[in-house]
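Breakdown of the fold
The residues making up each chain are set out below.
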Amino acid sequence: MGASGRECGRARREKIEIGELAARQRTYFQTGATLPVERRLAALRRLYAAVSASEGEIREALKEDLGKGRFESYMCEIGMVLEEIRYMLKHVRRLAGDRRVPTPPAQFHSVSFQRPSPYGVVLIMSPWNYPFMLTLLPLADALAAGNTAIVKPSAYSPRTSEVIEKILTRCFPPRYVAVVTGGREENTRLLQEHFDYIFFTGSQAVGREVMRSAARYLTPVTLELGGKSPCIVDQTANLRLAARRIVFGKYLNCGQTCVAPDYVLCHRSVKSRLVREICRQIERQFGREPLKNPDWGKIISEKHFDRLLGLLNRDKIVWGGKADREALRMEPTVMDRVHFSDPVMGEEIFGPILPVLTYDSLDEVIGKVNSLPHPLALYMFTSDRRAADRVFTRCGFGGGCVNDTVIHLATTEMGFGGFGESGMGAYHGKAGFDTFTHYKSIVDKKTWIDLPMRYQPYRKVWEWAVRMCLR
């Protein structure tokens, strides 16, 4: 067993105090050990191999914590992590290299470039709804950028956290990548430490606490939050296809998805037809008795289960509404004749309840969406390209789809993130590398010539020369 293996073994036997853990990582980072591209590639390859080898164990953990089926676990968690690592393995040499930029004539003769540099010791705090993907995907970005990392998975998904700790302990010594498990006490303790970057995914309430703690050291942060993401369906939409895709996006992971359509805003003239199609699609995708479907997941905790029950209005349910408290399972539920004053519209639902509201004009939709906190996602189903362009130009939101839901986050070629109340910053692919990287702007000035015009005493002819150079 090598030195790294012995250190990993010690980490398993003894719980290193959080402050000491951060100090060890800072010392290790300052040796420059994480900077060479070959070491970054080696770390990513180890991580890829470990995730691939642990696929069965990961699926079992996700099933235990969230009731996720085999296919959904791979599609939404394991597969996305592996794809992100593959992207970084393919592109990290290019991303980590200097980037030449033009130099103005006034700086003759110089070479200007940007040098990507890792921040240092980063903290990644992840949530429970996609506990594997939302932990290891940003970790892959952080490692590709050359950082060390302390990872804090959610206490609400303990089985997955256990598997994450097992994988990362096997791959890395704690001075490079470490896992801290636990709940609020550990979160509070971590946020008291000085990190060089904090990456947080979770609720807006906790996001505010993260920002307050980061302000102590002026630590930069990425916040991946959420919000009430609207799904607009106009009178030109293909209603059957819209219903199929809305049901997929809304009830994926039992609605416990930060970019799930939170509610439907449907043109009044097609609302009844759309509701019928949505109910039909729920039966087709999940069966007439979803609570007996082995691939239908569960609500993460009794607390969240009770919160969701409190949002139901039995008089407005047109499909679903049944729940199993012992199994923490709730049927896909549709509520019609909903208004913005109803309790279900007062907070992000984050569960399998779909309210349907109506509108009469697109101006009404744009005005209403912009009067609310910026959502993380916005979806529109329409055959009118001008209407889609108008909504996507005028409304503020993180990202979205035309004639689909959710899939915009499943590509490494676009950054994913929100702004305002739905978060700040982005990641996935190059955007993920950029998130964990500071770009140093550097001018390399040659010594064989030294133009005198910038030195005093200044002369009018030099002022004229400077003006010409800066045009």
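Residues numbered from 1 in each chain as written. Predicted model: local features only at pLDDT ≥ 70, side-chain atom pairs only at ≥ 80, totals over all residues. Heavy atoms only, no water.

1. Notes on the sheet that holds strand 8 (residues 230-233)
Strands sit in the order 10-13-14-9-8-15-16 across an open sheet of 7 strands; the sheet is mixed. Edge positions in the open sheet fall to strand 10 (317-319) and strand 16 (399-402), since each of these has one partner strand only. With strand direction ignored, the average angle separating the axes of adjacent strands in the sheet is 25°. Sheet topology places strand 13 (residues 333-335) next to strand 14 (residues 353-359); 3 bridges connect them, and they run parallel. Bridging from a neighbouring strand, Thr-333 pairs with Ile-353 of strand 14. Running over the sheet, helix 11 (residues 271-286) touches strand 8, strand 9 (263-267), strand 10, strand 13 and strand 14 and is turned about 50° from strand 10. Helix 14 (residues 385-394) contacts strand 8, strand 15 (377-381) and strand 16 of the sheet and is inclined by roughly 165° relative to strand 15. (Pairing = 2+ DSSP bridges. Helix = DSSP H or I, 4+ residues; strand = E, 2+ residues; numbered from the N terminus. Axes fitted to C-alpha atoms, helices over the stretch in contact; angles between N-to-C directions. Contact = heavy atoms within 4.5 Å.)

2. Structural notes on empty space enclosed by the protein
To locate leftover empty space, one rolls a probe as large as a water molecule over the atoms. Taken as a whole and judged by the stated rule, the model has 2 cavities of 30 Å³ or more. Counted as a void, the largest cavity has a volume near 50 Å³. Gly-227, Lys-250, Gly-255, Thr-257, Ala-260, Pro-261, Asp-262, Glu-348, Ile-349, Phe-350 and Gly-351 are the residues that line the largest cavity. The residue makeup of the lining of the largest cavity, split by class, is 4 nonpolar, 4 polar and 3 charged. Within this model, the second largest cavity holds a volume of roughly 40 Å³. Around the second largest cavity sit Leu-134, Thr-201, Glu-224, Leu-225, Cys-258, Leu-376, Phe-416 and Tyr-427, which together line it. For the lining of the second largest cavity, the class distribution of residues is 6 nonpolar, 1 polar and 1 charged. (1 Å grid on protein atoms, 1.4 Å probe; cavity = no way out; pocket = protein on both sides within 12 Å on 5 of 7 lines; lining within 4 Å. Points joined across faces, edges and corners; volume = space filled by probe spheres on them. Nonpolar A, V, L, I, M, F, W, Y, C, P; charged D, E, K, R; others polar.)

3. Comments concerning the pattern of salt bridges
All chains considered together, the criterion is met by 26 salt bridges. Arg-24 is paired through a salt bridge with Glu-20; the nearest N and O atoms lie 2.6 Å apart. Taken together, the residues span about one helical turn, with Arg-24 and Glu-20 both in helix 2 (residues 18-30) at a distance of 4 residues. A relative accessible area of 30% places Arg-24 in the partly exposed class. With a shortest N-O distance of 3.5 Å, Arg-288 and Glu-283 are connected by a salt bridge. Given the relative accessible area of 70%, Arg-288 is considered exposed. (Salt bridge = Lys/Arg side-chain N within 4 Å of Asp/Glu carboxyl O. Buried < 20%, exposed > 50% of the residue type's maximum accessible area, 1.4 Å probe, protein only.)

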